[in-house]
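Take a look at the letters that make up each chain.
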Amino acid sequence: DAKTTQPPSMDCAEGRAANLPCNHSTISGNEYVYWYRQIHSQGPQYIIHGLKNNETNEMASLIITEDRKSSTLILPHATLRDTAVYYCIVRTGTASKLTFGTGTRLQVTL
Amino acid sequence: GAVVSQHPSWVICKSGTSVKIECRSLDFQATTMFWYRQFPKQSLMLMATSNEGSKATYEQGVEKDKFLINHASLTLSTLTVTSAHPEDSSFYICSARIPSAGAKTDTQYFGPGTRLTVL
């Protein structure tokens, strides 16, 4: 599975959009981009995933560049409860492993 | 999203004893479940893949005789840490896999984790 690169930490003011970048320059055509987050001392929470089209759900939007070498997770109106470590993971389709990197620690502040 | 539970949420045991952790998918059937371990300030590390009705597949470096995994039904997988020692103290997390429509991909949903402390 392709390796991902994320900034170690980011800050965001409450109510503002949080834009979390992820580089995956070695992604191959059949690999999906997944985003999870982990709030302190809890299990990871699934956020969203996509292949090449932009995706949106009730939690977030996922923007994937046309060349698929990078993506951005957007939390449109960050709240204090969005403070967590966010993991960008690239993997092939079914049954393959989720390999967690170090993620981005997002701190939402008042 | 799908709900996965774990029991217990935390456990303290003496060195040399065995501890069993349960992982249940509450509102779906999961043919495949995964077990992860997370040490403080580190990321999750996959320990093993558990398939219903068959033997688990362990990651390199994970002792299968020490970490016994049983996936006897489509909603329950168990991890037993045998002869636990202080270095086994960690946060153990399970996940269950749901295939997507068309089965081209899938999503893993995680349990809340079990914190094991071995004295």
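Here, every reference points to the structure presented above.
What counts, and at which threshold
- Residues numbered from 1 in each chain as written.
- Chains lettered and ligands numbered in written order.
- Predicted model: local features only at pLDDT ≥ 70, side-chain atom pairs only at ≥ 80, totals over all residues.
- Heavy atoms only, no water.
- Salt bridge = Lys/Arg side-chain N within 4 Å of Asp/Glu carboxyl O.
- Helix = DSSP H or I, 4+ residues; strand = E, 2+ residues; numbered from the N terminus.
- Buried < 20%, exposed > 50% of the residue type's maximum accessible area, 1.4 Å probe, protein only.
- Disulfide = S-S within 2.5 Å.
- Patch = residues over 30% accessible without salt bridge, like charges linked within 9 Å, V, L, I, M, F, W, Y side chains within 5 Å.
- Areas by Shrake-Rupley, 256 points an atom, 1.4 Å probe, with all protein chains shown as cover.
- Pairing = 2+ DSSP bridges.
- Axes fitted to C-alpha atoms, helices over the stretch in contact; angles between N-to-C directions.

Caption draft 1: Quick peek at the pattern of salt bridges. For the coordinates displayed, the defined rule picks out six salt bridges over all chains. Note that aspartate 106 of chain B is salt-bridged to arginine 91 of chain A, the shortest N-O span being 2.7 Å. Taken together, the positions of aspartate 106 of chain B in strand β10 (residues 106-110) and arginine 91 of chain A in strand β8 (residues 84-91) put the pair across two chains. Summarising the burial analysis for this pair, aspartate 106 of chain B and arginine 91 of chain A share the class buried. With its nearest N and O atoms 3.4 Å apart, the salt bridge here joins arginine 24 of chain B to glutamate 22 of chain B. The network of salt bridges with common partners includes Arg91 of chain A together with Arg97 and Asp106 of chain B.

Caption draft 2: Molecular detail of the state of the cysteines. Tallied over the full model, the rule gives two disulfides over all chains. Here cysteine 22 of chain A pairs with cysteine 88 of chain A through a disulfide, and the sulfurs are 2.1 Å apart. Measuring handedness by torsion sign, the sulfur bridge of cysteine 22 of chain A and cysteine 88 of chain A sits at about -80° and is left-handed. With cysteine 22 of chain A in strand β2 (residues 18-23) and cysteine 88 of chain A in strand β8, the pair connects residues that are 66 residues apart, well separated along the chain. Residue cysteine 22 of chain A is classed as buried on the basis of its relative accessible area of 2%. One disulfide bridge connects cysteine 23 of chain B with cysteine 94 of chain B, the sulfur atoms lying 2.0 Å from each other. Across the S-S bond linking cysteine 23 of chain B and cysteine 94 of chain B, the dihedral sits near 80°, which makes this disulfide right-handed. Here cysteine 94 of chain B lies in strand β9 (residues 90-99) and cysteine 23 of chain B lies in strand β3 (residues 19-25), a separation of 71 residues in the sequence. Note on cysteine 23 of chain B: relative accessible area 0%, which makes it buried.

Caption draft 3: Region of the structure containing a nonpolar patch on the surface. Residue and element names in this part refer to chain B. Taken together, the side chains of Trp10, Ile12 and Leu119 present a nonpolar region at the surface, about 390 Å² in accessible area. Note on placement: leucine 119 falls in the segment after β11 (114-118). Leucine 119 sits in the exposed class, given a relative accessible area of 63%.

Caption draft 4: Broad picture of the sheet that holds strand β7 (residues 67-73) of chain B. Residue and element names in this part refer to chain B. In spatial order, the strands read β1-β3-β8-β7; together these four strands make up an open sheet with antiparallel pairing. The strands lining the two open edges of the sheet, one partner per strand, are β1 (4-7) and β7. Averaged over neighbouring strand pairs, the angle between their axes works out to 15° when direction is ignored. Both β3 and strand β8 (residues 76-81) contribute to a ladder of six bridges, which runs antiparallel. Note that in β8 the partner of glutamate 22 across the bridge is threonine 78.

Shape descriptors only; they carry no functional weight alone.
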